[in-house]
Amino acid sequence: MKFTSKENERKQRRREEENARRIREEENARRIKEGEENARRIREEEENARRIREEENARRIREEEENERRRREEEDERRRREEEDARRREEEDARRRREEEDAKKKFESHKKRMEQLKGQPRLPKFSVPKRYDIWLKPDLSTCKFDGSVAIELNIIADTSFIVLNAVELSIDTTFISFTHPATANSSNSNQVLKPLYVDVVEEDEILVLDFADTLPIGIGLLTIAFKGILNGKMKGFYTSTYEHNGEEKNMAVTQFEPANARRCFPCWDEPACKAMFKITLVVPLQLVALSNMPIIEEKVDGDLKTVSYQESPIMSTYLVAIVVGLFDYVEHLTSDGIKVRVYCQVGKVNQGKFALDVAVRTLEFYKEYFAVPYFLPKLDMVAIPNFAFGAMENYGLVTFCERNLIYDNQHSAAANKQRVVIVVAQELAHQWFGNLVTMEWWTHLWLNEGFATWVSYLAANHLFPELEVWTQFLNDCTEGLRLDGLAESHPIEVETNHAREIDEIFFDAMRDKKGASVIRMLQSYLGAECFQRSLASYIKKFTCSNAKTEDLWFALEEGSGEPVNQLMNSWTKQKGYPVVSVKVKDQKLVFEQSQFLASGSLGDGQWIVPITLCCGSYDVHKNFLLQTKSETLDMKELPSDRSNLATSWVKLNVNQTGFYRVKYDEDLAAKLRYAIENKYLSATDRFGILDDSFALCMACQKFLVVLLVQVLIPNSQISYKVERIAADANPELLECIQQFFITLFLRSAMKLGWEPKKGESHLDALLRGEVWTALAVFGYDPALKEASRRFHAFLDDRNTPLLHPDIRKAAYVAVMRRVSSSNRFGFENLLRVYRETDLSQEKTHVLSSLASSPDPSIILEALNFLLSSEVCTQDAVLGLAVSREGRETAWTWLKDNWEHISKTWGSGYLITRFVSSIVSPFASFEKANEIEEFFANQTEFKIVRTLKQSIEQVHINANWVQSVQNE
C-alpha cells in the first residue's frame, strides 16, 4: 500500500515533471514560436518598412517626376501662353491696325462721298420712299415740336448711304435705324442696322446716313426721331398769331412749297418722290387739328388728344399740310358727296360762306372740264392770318391768306369778291393740275402755276360770267409783258440746278403771268374743244404720277395735229416776246417781228407767233402762224367788202389773246383811233391798243404826245406813270398833265357817281373805285372834299351807306392827300380804323393808302408803322406804294432800316417787294448808280434778280425822261 503511494508519488512527480517538461517544451516551443513569430513579424515589419521605404522612394520619385513633368508642362504652358499672348497681341494689333485702316479708309470714303454729295442738284436715286408714318407733337406755348418719322424705303441699288432732306431739325442720332425684314426663306429675325456716320449738311439741306455695310436690296423701314422749332418765317412748320376774346394766341401752320417739308420732318423733298402719308398729331384738346385726309381716330389723354388721319393717296411732300388752331367752319357737300369746309377764326364763319359756294361749284366744273373726279374724300379751306402767299394748294387742305378767302357782304369790295373767286378757283385747279399730276422737277413749275392761273379765269368766267374776268385777266397779261420786256428777264422754263435756287424762281410773278398768258394763247390757237379734250387725255395718262412740260405738248400735239412743241418752245425756253410791226403795202399787210425791250434796245429773239386779226369787223378775221421774221398777207384772201385796207381798220391780237405787242403804221393807227372813238372795238382790244402804245412810248419808240392823243379810256396805272415821268422831265408840265387826266377820269366819275347803282355791271363797280382814286391822286379838289365828307360819316358810323367798300380806298387816298404835319386828322383816324377793324381786307385798304400823303414826314411815319408789331409780317409790303413826293423819303428809310428788313423778311420772297416798290419809281442815272453802290455789299441772293430788274427800270425811266425832254 506504501509502495503504491510512492509509486503514485513518482508517477505524480513524473507526471508533474512530464507536465513541467511539456510545459517547458511548450514554453520553449511557444518561445521559439514567439521568436519565430517575432522574427517573422520583424521580417515582415522590416519587409513592410523596406516596402514602404521603397514605395515612399518610388512615390517620391514619382512625385519628383510628376513635379518635374508638371514643372515642364507649366513651363511649356507658360511659354505657350506667352506665345499665345504674343500671337493674340500681334493679331489684336493687326486687327486694330486693320480696323484703324478700314476706319480710315471708310472715313476717307465717307468724306469723299460727302464731297460728292454736296452741291448736287437732286437727291441720289438709290433709295425710293414709298410711305411715311409721321408723328408730331407741337407745343404752341414754347413754339417747339417733337417728332418721329418711319419711312418705308425701297433700296433699288447697292449703297451704304441713305441721303434725304432735313434742315433746321435737331436729329436724335441714337434713334436712327434701318430695319430690313427677314426673308421668307430665312429663319433670321429682322435685321436692324445703325448708321456709322450721321451728317447734316445745312448748306445743301440734306441728312446723310452712312452705314457700315451695303444695305440689302428691297423694302426696309427707316426710323428717325427729331425736334424742331415752330418758326416765325411763314415757311416749314411755323406759328401764326390770332386774337381770341381779346387774347393773342398761336396756331401752328405748314407751308411746304417749294421745298420746306424738310423743315418739319426728314424726307425726300422733291416733287418726283411721291409717296403715301399717314399723319398723327398730339395737340391740346380744345384745338382743331387738320391735315390732308379725314380723321379716323381721336384719343383723349388729359389735356391732350392724339389725332390720327387716314392714309393719303400718293403725293409729293410739298403738298403735305397741317393746321392746328381755334376755328369755326361752314360746310357743304358736292353732288359726289365730297365734304367741303371753310375754316375761319371764331366769329368770322359767315365770311366764309361765299368762298364755300365758290369751292363747291368750282369742284363740279373741274370734274367735268378735266373729265376726272376730285380724288379725295374731303376738301378743307382755311383762312390763315399770317401767310406769305395768296394761298397754297395742299392736297385736301388748302390754306389761304385770310383776305383771299373771306368775304363780308357789307364791308368787302367788288374787287375782294373777284379776288376770292379767282384765288379759290386757282387753288382748286391745282388739285388736278399739280397734285394729281405733278411736275417732275421745279424746272416745270411755270406750267403748274401758269396753267392754274389761266384755268382759274376759265372757271370764274364760266361760273360767274357777270364778273367779266377775262377783261381783268389783261392786268396779269400786262404785268407779264412789263416784266418780260426787261433785258434782265428770263425764260419761264428755268433749269433749276439746286434746291437753294428754287426760291428765286418760285417767287416770280412773271412766271405765273406769262405762263398763264401763253397757255391762253395756245388754247385760243388750238380751239377750246380740242384743247380741253387733249388736256383730259393728258391728266388721265399721268394721274398719280409726274410729268414734264413736253408731256403736255405731246398730248396737245397728238390731239390737234399742230406743231405744239415747236411753237411753245419758242415761248417757254427763251426770254422775252416780240413786237409785231404791221403796215400796208399794195393792198397787202406786211408783218415783221422783232424782240421788244422796254429799254428800246434791239433784241435777237424770234418766235412762232399765232397771229389773229380782224378787218373792219370782228366777223372778218384771219388766223395764221408768223414763223419767220416777216411775212405778207394779201387781204384779198378775206372775202368781204370790209377787208379793203383803204377804208377799213385792222386790229391784230384780237381780244388780246396773244402774248406780244403790236406796232401799227400811222395810217392803220389813225383808223384804229376812229374805231375806238366810234366804239367798234371791245373794251379788251381798246385796252390792248393803249397798253401797247404806252409800252412803245416808254421804249422811246413813240412820242408822249402821240400816246396822250390815244388815251381815250381811263387807266390809272398808265396815268400815274405818265404823270411821274412828265414831272421828272419838266415840272412845268405837271399841272397840264394832271389836268389832262382829271378831265379824262372825270367823265367816267360823273357817270358812275360815288355810290353803286342798281343793276350796274361788275366792271363799273371796279371802275368807280379806280377813277375816284385817280382823281384824288391828281389832286382834284371836289373829289378830295367829297371823299373827306364821306370819310367823316364813316368815322361816326361804320355801316354808313355813304362810304361803300368799293370807294373806301379812294376815300382813304383822298384823305391822306390832305394830311400834313400840321393836319394829322386823316392819318390818325385811318390808323384808328386799322386798329378797330377785324376785317383783313379793310386793313389792306388802309395800309395801301397811308403813304399817299405829299408830306415826307407823314410818309416816314407811315413807313415806320409798317415795321411795327401792329402790322402782320406779310402785310408790310402792302404799304410801300408811296406818293410821287415821297420817293426820296422812302429810299432813305429803306437804307436806314435795311438790316432789320433783311433780317425779318430775308428768308422769303417778300423782301423783293421792298426793293422793287421803292427802287423802280426813280428816273435818273445818278439814282441808279447810288442804288447799285448801296446794294453792292449786300449778300441776299434772293434780291439779285429783282434788284437788277429794278435798276434796269430806273434806267428805262431815265431814258424816257430824256426823250420827253427832247420832245
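Quick notes on the rules
- Residues numbered from 1 in each chain as written.
- Predicted model: local features only at pLDDT ≥ 70, side-chain atom pairs only at ≥ 80, totals over all residues.
- Heavy atoms only, no water.
- Pairing = 2+ DSSP bridges.
- Helix = DSSP H or I, 4+ residues; strand = E, 2+ residues; numbered from the N terminus.
- 1 Å grid on protein atoms, 1.4 Å probe; cavity = no way out; pocket = protein on both sides within 12 Å on 5 of 7 lines; lining within 4 Å.
- Points joined across faces, edges and corners; volume = space filled by probe spheres on them.
- Nonpolar A, V, L, I, M, F, W, Y, C, P; charged D, E, K, R; others polar.
- Axes fitted to C-alpha atoms, helices over the stretch in contact; angles between N-to-C directions.
- Parallel < 35°, antiparallel > 145°, perpendicular 65-115°, else oblique.
- Left-handed = near helix turned anticlockwise from the far one by under 90°.
- Contact = heavy atoms within 4.5 Å.

What is the right way to look at the pairing of strand β4 (residues 169-180) in this model?
Side-chain direction in a regular strand flips from residue to residue, so the side chains alternate between the two faces of the sheet. Where β4 meets strand β8 (residues 218-229), eight bridges bridge the pair, whose relative direction is antiparallel. Note that in β8 the partner of D172 across the bridge is A225. Here β4 pairs with strand β5 (residues 191-193) via three bridges, running antiparallel. Bridging from a neighbouring strand, T179 pairs with V192 of β5.

I keep staring at empty space enclosed by the protein and nothing clicks. Help me out?
Empty space among the atoms becomes apparent when a probe as large as a water molecule is rolled across them. Summed over the entire model, instances satisfying the criterion amount to nine cavities of 30 Å³ or more. Volume-wise, the second largest cavity comes out at about 120 Å³. Residue lining of the second largest cavity: 14 residues in total, with Y664, I689, S693, K702 and Q710 positioned closest to the centre. Broken down by class, the residue content of the lining of the second largest cavity amounts to eight nonpolar, two polar and four charged.

Help me out: how do you make sense of the packing of helix α15 (residues 734-752) against helix α16 (residues 762-777) in this one?
Between two packed helices, both the angle of their axes relative to each other and the distance between the axes serve to describe the pair. Between α15 and α16, the shortest axis-to-axis distance is 9 Å and the interhelical angle comes to 135 degrees. With respect to α16, the element α15 is oriented oblique. For the pair α15 and α16, the sense of crossing is left-handed. Here I742, F745, L746, S748, A749, M750 and L752 of α15 lie close against α16, whose contacting residues are D764, L767, R768, V771, W772, A774 and L775.

Whenever I open this one, the layout of surface pockets confuses me. Can you help?
By volume, the second largest pocket amounts to about 1100 Å³. T241, Y242, E248, E870 and C872 are, among the 41 residues lining the second largest pocket, the residues nearest its centre. The set of elements that each furnish at least two residues to the lining of the second largest pocket consists of β9 (236-244), β10 (247-255), α19 (825-836), α20 (840-847) and α23 (898-905). With seven residues, β9 is the single largest residue contributor to the lining of the second largest pocket.

What's the story with the sheet that holds strand β17 (residues 339-344) in this structure? I'm lost.
Where strands meet in a sheet, backbone hydrogen bonds hold them as pairs that are either parallel or antiparallel. Pairing within the open sheet is mixed, and its five strands lie in the order β16-β17-β18-β20-β19. Each edge of the open sheet carries a strand with a single partner, namely β16 (328-333) and β19 (391-392). Relative to strand β20 (residues 397-401), strand β18 (residues 378-384) runs parallel, the two sharing five bridges. Within the sheet, the bridge partner assigned to D380 lies in β20 and is L397. Contacts from helix α2 (residues 353-370) reach β16, β17 and β18, with the element oriented near 155 degrees to β17. Each of β18, β19 and β20 is contacted by helix α3 (residues 414-430), which is oriented at about 150 degrees to β20, the strand it contacts most.

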